[in-house]
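Chain by chain, the residues:
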Amino acid sequence: MELFDAIDSRSSAARLTAPGPTGEHLERLIRAAGHAPDHGRLKPWRFIIVNGGAREPFARAAANAKRLRVPTLTDEQVQLERRKIMQSPCIVVIGCVAKKDDAKVPEIEQVVATGAAAQNLFLAAHALGYGVMWKTGAAAYDDQVKAALGLAADDHIVAILHLGTRVI
Ligand SMILES: Cc1cc2nc3c(=O)[nH]c(=O)nc-3n(C[C@H](O)[C@H](O)[C@H](O)COP(=O)(O)O)c2cc1C
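On a predicted model such as this, the values are computed, not experimentally measured, just so you know.

**Q** Mind showing me how you'd approach a nonpolar patch on the surface here?
**A** A grouping of L3, F4 and I7 is seen on the molecular surface, where their side chains present a nonpolar patch of about 320 Å² in accessible area. Within the fold, F4 resides in helix α1 (residues 3-9). Residue class for F4 comes out exposed when judged on its relative accessible area of 54%.

What follows is the structure in structure tokens.
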């Protein structure tokens, strides 16, 4: 897909089904993400593919985060959050591990660079024909979720990208 066509036709895919990206496509997407502009070449981004055994602790932590954020939710609503993650064809969490004391590149610029990486990945996946949904929500700001992903409490989760085949 031509670049302007990809930009002009990009939209969120609220409903996704299998298949998710192939292994080869996933590698291409992460390479594309890593070409984002990056002041100081600090590479603050982390691409965490949540599949296999990593899915369950992430889903559980995300559901708990939602319960903490909205205590009035029913158990069924909390379980729905867990199921959405367990049933997503593919999840790539994009974290930012910022250098806090860099003299030249403030933390905000490192977070912005990570956002640019997320958008590169989004557009590249769209250009390959995949549906994408960029989420954050309670999970992105929860220390237990970060820990389940191998991130520290003062790292940032910039995007929780769900990828798959768009359900029209
Ligand atoms: C930083 C960021 C966080 C987002 N978090 C959520 C989210 O938690 N839930 C959600 O439904 N959409 C989320 N979105 C997606 C936007 O809501 C979506 O892009 C917007 O609804 C516009 O739709 P479009 O992408 O089809 O243009 C997020 C987007 C960004 C950039």
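There's plenty left to go through after this.
**Q** What's the story with the pattern of salt bridges in this structure? I'm lost.
**A** When their charged atoms lie close together, side chains carrying opposite charge are able to pair. This structure, assessed with the given rule, holds eight salt bridges. Taking the shortest distance from any N to any O, the salt bridge between E56 and R60 comes out at 3.4 Å. Linking E56 with R60, this pair stays in helix α3 (residues 55-69), spanning four residues, or about one helical turn. Its relative accessible area of 26% is what places E56 among the partly exposed residues. Close ionic contact of E76 with R83 constitutes a salt bridge, the shortest N to O distance being 3.1 Å. Judged by relative accessible area, R83 falls into the partly exposed class, the value being 32%. Salt bridges sharing partners connect three or more residues here, namely E56, R60 and R82.

Criteria and thresholds
- Residues numbered from 1 in each chain as written.
- Predicted model: local features only at pLDDT ≥ 70, side-chain atom pairs only at ≥ 80, totals over all residues.
- Heavy atoms only, no water.
- Patch = residues over 30% accessible without salt bridge, like charges linked within 9 Å, V, L, I, M, F, W, Y side chains within 5 Å.
- Areas by Shrake-Rupley, 256 points an atom, 1.4 Å probe, with all protein chains shown as cover.
- Salt bridge = Lys/Arg side-chain N within 4 Å of Asp/Glu carboxyl O.
- Helix = DSSP H or I, 4+ residues; strand = E, 2+ residues; numbered from the N terminus.
- Buried < 20%, exposed > 50% of the residue type's maximum accessible area, 1.4 Å probe, protein only.

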